[in-house]
Amino acid sequence: MKSCQITHTIGRRALKKNMATVFASKGCVGRCTFCHRYYKGYTTIAAEQVTEYIRRIAEERNVGLLLFQEEDFGSNAAVTAKIIAFLKQSGLNWTASAVRAKTATEEVLKSWKEAGCVNVNFGIESCSPKMLSVMEKSARVEDNLNALRLCNKYRIATIIGLVIGMPGETEETIGETISNLASVIPDDISLVYEICLNFFQAVPGTPGYDFARHMGLIGSSPREEELYIESLHETTANEISHYLNFTDYEKEEVLYWKDYIPMELLCAYLRKHGTLKVLKYKKSRRFYYAAVYGLFPRSIRRFLLKYYTVLRHYGVSGLADLITRKLFHQRPKVYSGTDRSLREINKYFEAGKPWPILKKLS
Ligand code: SF4
C-alpha cells in the first residue's frame, strides 16, 4: 500500500519496507457539533503496550512506516511522550491521521519531527472564527494557523481537513478560510501541502443532526427519518448528493466551494513560489489548471467556476432550473446569521423559545 501524500515525504529506507496501522488511543476530547465520533469519551492504550506492538511488527513484518489512525492522536501528553521517546530511538517513520491544532505546540512538533514524524493530518475544518463557533471546535483560527506554521518550520507535511456548508457558512466565511490558509503556504516548495474537503453531513447522534430535525430538514414523519438514515450509507461526505443545504444559497451553488477553495489556494501557491517555478517543479495537472484560472480577476473566475461546476454536475437543464429559481424564487434568508454552537441553538428549540437570529423555514 502506498499513499501519494506520504511517499513524497519519507525516506527511501522506509519506502522499501511495509506500512502498518497503529492505534495509541480511542475517541477524542473534542465535541464538535458535526462529528459522530467513533467512540464516546477518550482513552489511551498503555504506552508500553503500544511500543511493544510496534517493536514486534517492525521486526516480524519488516515495517518502516507507522500510520497512527485514531481520531485524536496526542491529546494525552504523558502517554504520547513515552511513545515518542520509543519512536525516536526506533528509526521508524510515522504519520498521525488526526491531530487537534491545540496539541501541536512547538515543543511537541519538534519532538515529533526528531522521532520520525513525516505527516500530520489536522481536522482544522474552517479558518473562519464564526464557523469555528458554530462547530464548537474549541480552537481559534490562530491555533490552526500556528500549528500549520510550525509544521512548515519543522518540515512535517500536512493534510488540512475542512468541513464546508454548516449553518452560517457564506461566501465571506469561505473567503476567510481561503485567505487565512493562503497565509501559511509552506516556504519550501518540496513540502507536501494537501487539502481534504467534506460537506457537512447531518449524522445521527450529533448536534448537527438534531439541528436539522428542528429545522424540518430530515423529514416530517418517522418513516421519512428512517429513509434519510438509510440513505446515509450510500454516499460519502465529499459528495454534494447527500447535503441537506444549511445555507441561504441554492444547493447547486454550494457545490462549487469544493473546487473554489483548492483552486484559490493553488493560485496563492503559484503567486508565492512563482508560476514557472511551480510548473517546473510540480508535475501535476491541477497546477496548470490553476495557472489558467488565475489569469482572470477573482470575481470573474469565481463566477465562471460556479456556473461551470453547476453545468458539469447538473447539466443544461439543471443550470436553467437554478437560474430560474434565482430570478423568481429567491431562498429566504435563514441560515447565514447563525454564529454560535449548534448545541446551544438546539437548547432554544428544545425549550420552545424563539431563536433570535434564526427563523424557522416555513
Ligand atoms: S471532529 Fe475531530 S476534534 Fe472534533 S470531536 Fe470529532 S474527532 Fe474530535
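Placed above this text is the structure.
Residues numbered from 1 in each chain as written. Predicted model: local features only at pLDDT ≥ 70, side-chain atom pairs only at ≥ 80, totals over all residues.

Caption draft 1: Spatial organisation of the overall build of the protein chain. Of the regular secondary structure elements, the protein chain holds 16 helices and eight strands. On C-alpha atoms alone, the protein chain measures out to a radius of gyration of 22 Å, which is about the 21 Å that the 2.2 N^0.38 rule sets for 362 residues. On the principal axes, the C-alpha backbone points of the protein chain span a range of 65 × 55 × 35 Å. Each of the 362 residues in the protein chain was classed as buried or not, and the buried ones make up 36%. Within the protein chain, residue pairs in contact and separated by at least 24 positions form 77% of the contacts whose partners lie at least 6 positions apart. (Helix = DSSP H or I, 4+ residues; strand = E, 2+ residues; numbered from the N terminus. Rg over C-alpha atoms; globule rule 2.2 N^0.38 Å. Buried ≥ 20, exposed ≤ 12 C-beta atoms within 10 Å, placed from the backbone. Contact = placed C-beta atoms within 7 Å.)

Caption draft 2: A look at the nonpolar core. Ile 156 and Met 166 are the most contacted members of the largest nonpolar core, which has 77 residues in total. In terms of residue count, the dominant contributor to this core is helix 12 (residues 257–273) (nine residues). Excluding its chain neighbours within four sequence positions, the residues that come into contact with Met 166 are Phe 34, Met 131, Val 134, Met 135, Phe 200 and Phe 246. (Core = buried A, V, L, I, M, F, W, Y, C linked by C-beta atoms within 7 Å.)

Caption draft 3: Examining the site of the ligand more closely. Surrounding the ligand, one finds Cys 28, Gly 30, Arg 31, Cys 32, Cys 35, Arg 37, Glu 71, Asp 72, Ala 98, Arg 100 and Gly 123. Residue composition of the shell around the ligand, by class: four nonpolar, two polar and five charged. (Near = placed C-beta within 6 Å. Nonpolar A, V, L, I, M, F, W, Y, C, P; charged D, E, K, R; others polar.)

Caption draft 4: How the structure looks around the packing of helix 12 against helix 14 (residues 285–293). Two numbers describe how helix 12 lies on helix 14: the axes approach to 9 Å, and their chain directions differ by 85 degrees. On the basis of their axis angle, the class for helix 12 and helix 14 is roughly perpendicular. Contacts from Met 263, Leu 266, Cys 267 and Leu 270 of helix 12 reach helix 14 at Arg 286, Phe 287, Ala 290, Ala 291 and Tyr 293. Among the residues making up the contact of helix 12 with helix 14, the classes are represented as eight nonpolar, no polar and one charged. (Axes fitted to C-alpha atoms, helices over the stretch in contact; angles between N-to-C directions. Parallel < 35°, antiparallel > 145°, perpendicular 65-115°, else oblique.)

Caption draft 5: Layout of the sheet that holds strand 1 (residues 18–22). An order of 1-4-5-6-7-8 is seen for the six strands of this open sheet, with the pairing classed as parallel. On the outer flanks of this sheet lie strand 1 and strand 8 (193–199), each paired with one strand and no other. On average, each strand axis in the sheet is tilted by 15 degrees relative to the strand beside it, whichever way the strands run. Here strand 5 (residues 93–99) runs beside strand 6 (residues 117–125); their pairing, made up of four bridges, is parallel. Each bridged residue has a counterpart across the sheet, and for Thr 95 the counterpart in strand 6 is Asn 119. Of the strands in this sheet, strand 7 (157–164) and strand 8 are in contact with helix 12, which crosses strand 8 at around 165 degrees. (Pairing = 2+ DSSP bridges.)

Caption draft 6: Region of the structure containing unusual backbone geometry. The residue Glu 125 is not glycine, and still its phi comes out positive at about 70 degrees. Within the fold, Glu 125 resides in strand 6. Look at Glu 136: it is not a glycine, yet its phi comes out positive at around 55 degrees. Mapped onto the elements of the fold, Glu 136 is located in the loop between helix 6 (129–135) and helix 7 (141–153).

Caption draft 7: Focus on the pairing of strand 6. Among the nine residues of strand 6, nine are classified as buried, and the element is accordingly described as predominantly covered. Following the chain from strand 5 across helix 5 (residues 106–114) to the adjacent parallel strand 6, one finds a crossover that is right-handed. Where strand 6 meets strand 7, five bridges bridge the pair, whose relative direction is parallel. Opposite Val 120, over in strand 7, you have Thr 158 as the bridge partner. (Right-handed = clockwise from strand over helix to strand, strands pointing away.)

Caption draft 8: Here's a closer look at the packing of helix 12 against helix 15 (residues 298–328). In contact at an axis separation of 10 Å, helix 12 and helix 15 are set at 145 degrees when each is read in the N-to-C sense. Considering only the axes of helix 12 and helix 15, their crossing is right-handed. Contacts between helix 12 and helix 15 involve Asp 259, Tyr 260 and Met 263 from the first element and Arg 302, Leu 305 and Thr 309 from the second. (Left-handed = near helix turned anticlockwise from the far one by under 90°.)

Caption draft 9: A look at the pairing of strand 5. Across the seven residues of strand 5, five count as buried, placing the element largely inside the fold. As defined by bridge partners, strand 4 (residues 63–68) adjoins strand 5 across four bridges and the pair is classed as parallel. Within the sheet, the bridge partner assigned to Leu 67 lies in strand 5 and is Thr 95. Traced from strand 4 through helix 4 (residues 77–90) to strand 5, the parallel crossover comes out right-handed.

Caption draft 10: Region of the structure containing the environment of Arg 37. Take Arg 37: it is sitting in the loop between strand 2 (25–27) and strand 3 (42–44). Sequence separation of Arg 37 and Tyr 249 is 212 residues, and the distance between their C-alpha atoms is 29 Å. With sequence-adjacent residues up to four places away left out, Arg 37 is seen in contact with Gly 27 and Cys 28.

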